[in-house]
Amino acid sequence: MRHSSLKKKSAVIFQGFSPRAAIFAIAFLAALAMFAPIIAGDRPIAMYCDGEVFFPAFSDSISDEKIDELKSKRAWLVMPPIPYSPSSFDFEAVLSPPSKRHILGTDGDGVDVASKLVWGARVSMSVGIVAVGIAIALGCIFGAIAGYFGGIVDWAVSRLIEAVMCFPAFFLILTILAFVGPSIYNIMIAVGLTGWTQVARLVRAEGMRIRELPFIDAARASGASDLRIMLRHLLPHTLRPVIVSASFAMGGAILAEAALSFLGFGVPPSVASWGSMLSDAQRYSGFGWWLTLAPGSAIFIAVMAYHSIGERISESGGRDA
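Residues numbered from 1 in each chain as written. Predicted model: local features only at pLDDT ≥ 70, side-chain atom pairs only at ≥ 80, totals over all residues. Heavy atoms only, no water.

(A) Local environment of the overall build of the protein chain. Each helix and strand counted, the protein chain has 14 helices and three strands in total. Structurally, the protein chain occupies a C-alpha span of about 75 × 60 × 40 Å along its principal axes. Counting over 321 residues, the protein chain shows a buried share of 42%. Counted over contacts in the protein chain with a minimum sequence separation of 6, partners at least 24 positions apart contribute 68%. Carbon and sulfur atoms form 66% of the exposed surface of the protein chain, whose accessible area is close to 17,500 Å². (Helix = DSSP H or I, 4+ residues; strand = E, 2+ residues; numbered from the N terminus. Buried < 20%, exposed > 50% of the residue type's maximum accessible area, 1.4 Å probe, protein only. Contact = heavy atoms within 4.5 Å. Areas by Shrake-Rupley, 256 points an atom, 1.4 Å probe, with all protein chains shown as cover.)

(B) Quick look at helix α9 (residues 197-210). Spanning 14 residues, α9 covers 20 Å between terminal C-alpha atoms, matching the ideal 20 Å at 1.5 Å per step. All of the buried residues along α9 are Thr197, Val199, Ala200, Val203, Gly207 and Ile210. Down the axis, α9 shows its buried residues gathered within 150 degrees of arc, on one side only. Close packing links the buried residues of α9 with α5 (113-149), α6 (151-165), α10 (214-221), α11 (226-234) and α12 (239-263). (Expected span 1.5 Å × (residues − 1). Arc of directions from axis to C-beta.)

(C) Focus on unusual backbone geometry. Its identity as a non-glycine residue notwithstanding, Leu95 has a phi of 50 degrees, on the positive side. Tracing the sequence through the fold places Leu95 in the loop between β3 (76-78) and α5.

(D) Inspection of the packing of α5 against α9 at higher detail. It is the contact of α5 with α9, at a shortest axis distance of 7 Å, that shows an interaxial angle of 30 degrees. In this structure, α5 crosses over α9, and the sense of that crossing is right-handed. Touching Ala135, Ile136, Gly139, Cys140, Gly143, Ala144, Ala146 and Gly147 of α5 are Val199, Ala200, Val203, Arg204, Gly207 and Met208, all from α9. Classifying every residue of the contact of α5 with α9 gives nine nonpolar, four polar and one charged. (Axes fitted to C-alpha atoms, helices over the stretch in contact; angles between N-to-C directions. Left-handed = near helix turned anticlockwise from the far one by under 90°. Nonpolar A, V, L, I, M, F, W, Y, C, P; charged D, E, K, R; others polar.)

(E) Spotlight on the sheet that holds strand β1 (residues 46-49). The three strands are arranged β2-β1-β3 in an open sheet whose pairing can be described as antiparallel. In the strand order of this sheet, the two ends are held by β2 (52-54) and β3, each with one partner. Strand after strand, the sheet turns through a mean of 15 degrees between neighbouring axes, direction not considered. Of the pairings in the sheet, the one linking β1 to β3 comprises three bridges and is antiparallel in character. Within the sheet, the bridge partner assigned to Ala46 lies in β3 and is Val78. Docked against the sheet, helix α4 (residues 64-72) engages β1, β2 and β3, running at close to 50 degrees with respect to β1. (Pairing = 2+ DSSP bridges.)

(F) The arrangement of a nonpolar patch on the surface in detail. A cluster of nonpolar side chains, contributed by Tyr48, Val53, Phe55, Phe58, Trp76 and Val78, occupies part of the molecular surface with about 640 Å² of accessible area. Among the secondary structure elements, Val78 is positioned in strand β3. On the basis of relative accessible area, Val78 is assigned to the partly exposed category, the value being 32%. (Patch = residues over 30% accessible without salt bridge, like charges linked within 9 Å, V, L, I, M, F, W, Y side chains within 5 Å. Salt bridge = Lys/Arg side-chain N within 4 Å of Asp/Glu carboxyl O.)

(G) Here's a closer look at the environment of Ile184. Within the fold, Ile184 resides in helix α8 (residues 184-194). Separated by 53 residues in the primary sequence, Ile184 and His237 place their C-alpha atoms 33 Å from one another. When near neighbours in sequence (up to four residues on either side) are disregarded, Ile184 contacts Val123, Val127 and Val267.

Structure below.
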């Protein structure tokens, strides 16, 4: 009985999050990314002095000198919940474990780990959204063209898909970054250019099935152009498999960015990211457990949440069929 209960518990764990928990996790990470300046930063959210209201956290035009001047006048101010930025150093608390002052501790430079975690969410979520957007756009274009026209067009697109899939995606991304240089924008483009093949294959397969249905013949008989048929009739019917693929791709893109930053091919050192936090944690792996726990947990939660949503949509599609 005990053995069977352990098997049931382990099965639940490896099934991933429940849909509600996955959606909550993604919404929470998205909120961290969107509102990073008012969650973690050394600039006040709002200041009131001499009848004027200032919002330094939302404006770069308010200089640090102006903020110090307002503070000297005893201005009323509201600081973020985490009053540290990824570029501020607390030399009195270098390699400090989690405490009331730094809830997730500090790294070897005295930078607050919680602040880096919040701002790292902005990098990871941005890379995931933009890279997956590029992959979906390319995959839908090539897949719809191949599935709708067939023949020599399908043969050419299929050979292109196979040529891209011949190379391991991660090493292809490294090759692209070696030529164009590491930056957050280049990572987005590189991940997007190497991740469209799965979407293209799904859209192609659905397109080949849908193009033989009666409503496509009716659209052709009504005089609709090929472009209109693909946009209005073919692509909308491929929405479910594309959403499933996009959900898995989001987790893969976040993991790819973390791996690239971990290896030093990601964002610049001045930009906080989960992968670079793990890379820095290697130097203190013997005792700085909190340096690995925070970014590692964030990557795990983000990837697992997106995969859980993709699994649930895929399962619901199978039951509907």
